[in-house]
Structures are given as C-alpha cells and as structure tokens.
Amino acid sequence: MITVPNRIKFAVIGIDHPHIYGMTDAIKRGGGELVALYAKDPAMTAAFMKAYPEVKLAKNENEILEDPAIHLVLSSGIPDERAPLGIRVMQHGKDYLTDKPGIITLEQLAAVKKVQKETKRIYSIMYSERFENKGTEKASQLVKAGAVGKVIQTINLAPHRIKNNIGKTGLAVRPDWFWDKKRYGGILTDIGSHQFDQYLHFTGSTEAQVLMSQVGNIHHPDKPLFEDFGDVMLQGNGGAGYIRVDWFTPDGLNTWGDGRLTILGTDGYIEVRKNTDLLSGNKGGNHLYLVDKKEMIHMDCNNEVLPFGPLFVDDVLNRTETAMTQAHCFLATELALKAQKNARPMTFRK
C-alpha cells in the first residue's frame, strides 16, 4: 500500500541479486517513484523491466548519478562493488540503499563512514530478514511493548539453500562470485549481517563485542574460496547473542531456509518461525510464539504491515533516522566484519 504516491524519485544501479525486487517494492510502498535503471546483466535487466514497466533504461551510471531529480539509488550489485558505488552516490548528493552485505571489508567501512560524515547522505543496508519479515516486525512491536520484560539474549538461526529456485528472489544457479569470499565477504559478512542487525535491535545494544566466531567449508571441497557454516557469540550493553548461519537447507524443506529468531526476556520469550513451520504444512511463514507469565500464544503475523519503506522515504525527505539510525546500520556491519576477520577456521579431525 502506497501511503502518498510519488513522494521521491529513485533509481536502481546494478542488479546481481533478486533481492532488488523486495527493496524496490518497499520504496514504492513508501511513495517512491521508480524512474531509471542501469545494470550490466542483460537477463536480470530484462526481468526487472518486465516487472516494473514504468522504469526507463539509462545509458550509463552517470546518467543516473548526475540527474538532480533523483533522490535515492538502490543497488544489488556484486557485494564487493556495493560500497564503492555507495560512495559515488553520496558524493553526487543522493541517498543510498544497498542489498546486504552492503560493505565487505573494514577498509571499505572506514571509507564509507568518512564520506557519509562529509556528505551527510544516508547510507543504508536492507536487512530484509527484519525489515521484510512480518513475524519479525510483530516481535519488534511486542518487545517494545514489554511483552517479555527486559531482553537477555537473542538466538538467530539462519540456514539457507544454495540452489534456491523458490519465489522471484531465488537463484537456481549461483554466479561465480557467490563462491569467492573476496567478492561476497565470507558467510558471516554476508548472511550474518542480518543477524547482527537483529541482535542489536532486539537487545537495544549500542555497543557490543564478538566473544567467539568460527567459519568453515565443511561440505564443498570443490569450492575452496567458499564458506558454508559459521557461528558467533556476542556480548553487548543491552544483552547477549548467538548467531548460526549455514548453507545446509535440505531439498525437502518447502522454503529456502527455516529461519528462526528466539528472544529471551526476564518475563517470557518469543520465537519467530520466519519462513515456515513444520507442523503447519504449507501454511507459510510469519509464525510467532509468545510465552509469558500467564499463557502460551501462537500468532499468525501474515497481515502485519511492514513499516520500513514509508519510514525510509520519510527519512529521505525529512533528513531523519526513523527507519534505522546510521549508527545502528554501521555497527551491525562492523560487528559482522570483525567476526568474519577474526573467525577461527573449523576443522574436523576424526
């Protein structure tokens, strides 16, 4: 639902992952008008233009960057190219929303933070496992209302499927860069970025440290630059956290991954089954379970409204930070990058 149509004009530069569809839809829900596209992948470009026939194809990147009518640029380019593009976007006086991982090295992070501070533009990362998941949005409302008391710990389990042909955001065949951690940043930088965001959000932590992290390539010896498993322990000024990410979703599951979030509080706990619930068969995801001092509740959250798009467009117009603060965005990424850089290699010796 668009609250106020055509409040800002936005464009897309770079399509190398179908996450761009959810990002585009979110901004359109907020009242964004999609006006231009530049991308190098012909198949992705054709599919995107079919989905959004109103968009006009730009001849090059500069045609978009130098258009003063465009307020915002979205990208789902190859991960190692996202930060350099974001810097160019901010230097042209525009705000930027990128797919995750939005930054893949600490050196990129330092450069992005410097330019963001100089330009005062928005550099945002679409942490879609929170912003685009209705069960997680409901959990946000409940935690804010004090439903579980003070949050003590979050546990995020985020399994993914490599050959994911489910839905329009799936990729049945992965591109070459998917297998090279120099291009995608490593499993904790990539998938893990979502989980660091949720940890900070639900615990309210504004400072945190990585206590332990490990990564491994357990089952893909033919892809030596790939990582298929990682986990992390966190401690912050608002609570503790545990994260597990992997590429081991079996083909028998009815979705790309059985993502789960558990929030432990002093007065109760919440579990969100983000994408599926084994007991519900084909009823889909967005299941929330709440246990407090009085009762056990199951909530179907599929009718929840996702606020990120409208709030983000508000921020573009009003220079506010209602969708996500810049500090939070950067801290979630910094924690992921530090966990990745310092991760112990996993080895199994029998």
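Further up the page is the structure itself.
Note that the coordinates shown come from a computational prediction; the quantities given were computed from them, not determined experimentally. (Residues numbered from 1 in each chain as written. Predicted model: local features only at pLDDT ≥ 70, side-chain atom pairs only at ≥ 80, totals over all residues. Heavy atoms only, no water.)

Q: Give a description of the environment of methionine 90 that names residues and reports values.
A: Following the sequence through the fold, methionine 90 ends up in helix 4 (residues 79–91). Spatially, the C-alpha atoms of methionine 90 and valine 112 are 9.2 Å apart, while their sequence positions differ by 22 residues. In this view, methionine 90 contacts Val112, Val115, Gln116, Thr119, Arg121 and Tyr123; residues no more than four positions away in its chain are not counted. (Helix = DSSP H or I, 4+ residues; strand = E, 2+ residues; numbered from the N terminus. Contact = heavy atoms within 4.5 Å.)

Q: I'd like a description of the nonpolar core, backed by residues and values.
A: Counting 79 residues, the largest nonpolar core has Ile27, Phe48, Leu74, Leu97, Tyr123, Phe196 and Phe312 as its most contacted members. Non-local contacts of phenylalanine 48, meaning those with residues more than four positions away in its chain, are made with Val12, Ile15, Ile20, Tyr21, Thr24, Leu34, Leu37 and Val55. (Core = buried A, V, L, I, M, F, W, Y, C linked by side-chain atoms within 4.5 Å. Buried < 20%, exposed > 50% of the residue type's maximum accessible area, 1.4 Å probe, protein only.)

Q: Describe the packing of aromatic side chains, naming the residues involved and giving the relevant values.
A: One pass over the full model with this rule turns up 13 aromatic pairs. Ring centres of phenylalanine 48 and tyrosine 52 lie 4.7 Å apart, and the angle between their planes is 50°; on these two criteria the pair is classed as tilted. The exposure class assigned to phenylalanine 48 is buried, which follows from its relative accessible area of 0%. Ring centres 6.2 Å apart and planes at 55° place the aromatic pair tyrosine 184 and phenylalanine 226 in the tilted group. Highlighted residues: tyrosine 184 in helix 8 (residues 181–184) and phenylalanine 226 in the loop between strand 8 (208–216) and strand 9 (229–236), separated in sequence by 42 residues. A single burial state applies to tyrosine 184 and to phenylalanine 226, both of which are buried. Connected via pairs of aromatic rings, a cluster forms that spans Phe178, Trp179, Tyr184, Phe226 and Trp247. Positioned above the aromatic ring of tryptophan 179 is the side chain of lysine 223, whose terminal nitrogen or guanidinium carbon lies 4.8 Å from the ring centre. (Phe/Tyr/Trp six-rings, centres within 6.5 Å; stacked < 30°, edge-to-face > 60°. Lys NZ or Arg CZ within 6 Å of the ring centre and 35° of its normal.)

Q: Go over the pattern of salt bridges, please, and point to the residues and values.
A: If you walk through the whole model with that rule in mind, you get 21 salt bridges. Ionic pairing is found between arginine 121 and aspartate 95, a salt bridge with its closest N-O pair at 3.4 Å. Of the two residues, arginine 121 sits in the loop between helix 5 (106–119) and strand 6 (123–126) while aspartate 95 sits in strand 5 (residues 95–99), which places them 26 residues apart along the sequence. Between glutamate 304 and lysine 138 there is a salt bridge, with its nearest N and O atoms 3.9 Å apart. Linking glutamate 304 in the loop between strand 14 (296–300) and helix 11 (308–318) with lysine 138 in helix 7 (residues 134–144), this pair joins segments that are 166 residues apart in sequence. By the burial criterion, glutamate 304 is buried, and lysine 138 matches it. The network of salt bridges with shared partners includes Asp80, Glu81 and Arg183. (Salt bridge = Lys/Arg side-chain N within 4 Å of Asp/Glu carboxyl O.)

Q: Please set out a nonpolar patch on the surface residue by residue, giving values where relevant.
A: Together, Ile152, Leu264 and Tyr269 give the surface a local cluster of nonpolar side chains, amounting to about 260 Å² of exposed area. Within the secondary structure, isoleucine 152 sits in strand 7 (residues 151–159). (Patch = residues over 30% accessible without salt bridge, like charges linked within 9 Å, V, L, I, M, F, W, Y side chains within 5 Å. Areas by Shrake-Rupley, 256 points an atom, 1.4 Å probe, with all protein chains shown as cover.)

Q: Describe the sheet that holds strand 13 (residues 287–291), with residues and values.
A: By way of backbone hydrogen bonds, the strands of a sheet pair with one another, either parallel or antiparallel. With respect to topology, nine strands assemble into an open sheet ordered 14-13-12-11-7-10-9-8-15, the strand pairing being mixed. What marks the edges here is a single partner per strand, and that holds for strand 14 and strand 15 (344–345). Note: strand 8 against strand 15, two bridges, orientation parallel. Each bridged residue has a counterpart across the sheet, and for glutamine 214 the counterpart in strand 15 is arginine 344. Packed on one face of the sheet, helix 10 (residues 192–203) meets strand 7, strand 8, strand 9, strand 10 (240–246) and strand 11 (260–265) and runs near 160° to strand 7. In this fold helix 12 (residues 326–341) packs onto strand 8 and strand 9, with an angle of close to 50° to the strand it touches most, strand 8. (Pairing = 2+ DSSP bridges. Axes fitted to C-alpha atoms, helices over the stretch in contact; angles between N-to-C directions.)

Q: Break down the pairing of strand 5 for me, with residues and values.
A: For strand 5, the tally of buried residues reaches five of five residues, placing the bulk of the element in the interior. Alternating residues of strand 5 divide into Asp95, Leu97 and Asp99 and Tyr96 and Thr98, and every residue in both groups is buried. Pairing of strand 4 (residues 72–76) with strand 5 involves four bridges; the strand directions are parallel. The residue bridging leucine 74 from the neighbouring strand is leucine 97, located in strand 5. Viewed along the sheet, the connection from strand 4 through helix 4 into strand 5 turns out right-handed. Strand direction decides the pairing type here: strand 5 and strand 6, joined by four bridges, are parallel. Within strand 6, the residue paired with tyrosine 96 across the bridge is tyrosine 123. In this fold, strand 5 hands off to helix 5, which returns the chain to strand 6; that crossover is right-handed. (Right-handed = clockwise from strand over helix to strand, strands pointing away.)

Q: An account of the sheet that holds strand 1 (residues 8–15) is requested, with residue identities and associated values reported.
A: Ordered in space as 3-2-1-4-5-6, the six strands form an open sheet in which the pairing is parallel. In this open sheet, the two edge strands, each paired with only one partner strand, are strand 3 (56–57) and strand 6. Strand direction decides the pairing type here: strand 1 and strand 4, joined by four bridges, are parallel. Across the sheet, phenylalanine 10 pairs through a bridge with leucine 72, a residue of strand 4. Sheet strands touched by helix 1 (residues 19–29): strand 1, strand 2 (32–38), strand 4, strand 5 and strand 6. Its angle to strand 4, the strand with the most contacts, is close to 160°. Running over the sheet, helix 2 (residues 42–51) touches strand 1, strand 2 and strand 3 and is turned about 155° from strand 2.

Q: Residue-level account of the environment of leucine 225, with values.
A: With respect to the helices, strands and loops of the structure, leucine 225 is situated in the loop between strand 8 and strand 9. Judged by relative accessible area, which is 43%, leucine 225 ranks as partly exposed. Residues leucine 225 and valine 148, spaced 77 residues apart in sequence, show a C-alpha to C-alpha distance of 42 Å. Setting aside its immediate chain neighbours within four residues, leucine 225 contacts Trp179, Asp180, Lys181 and Tyr184.

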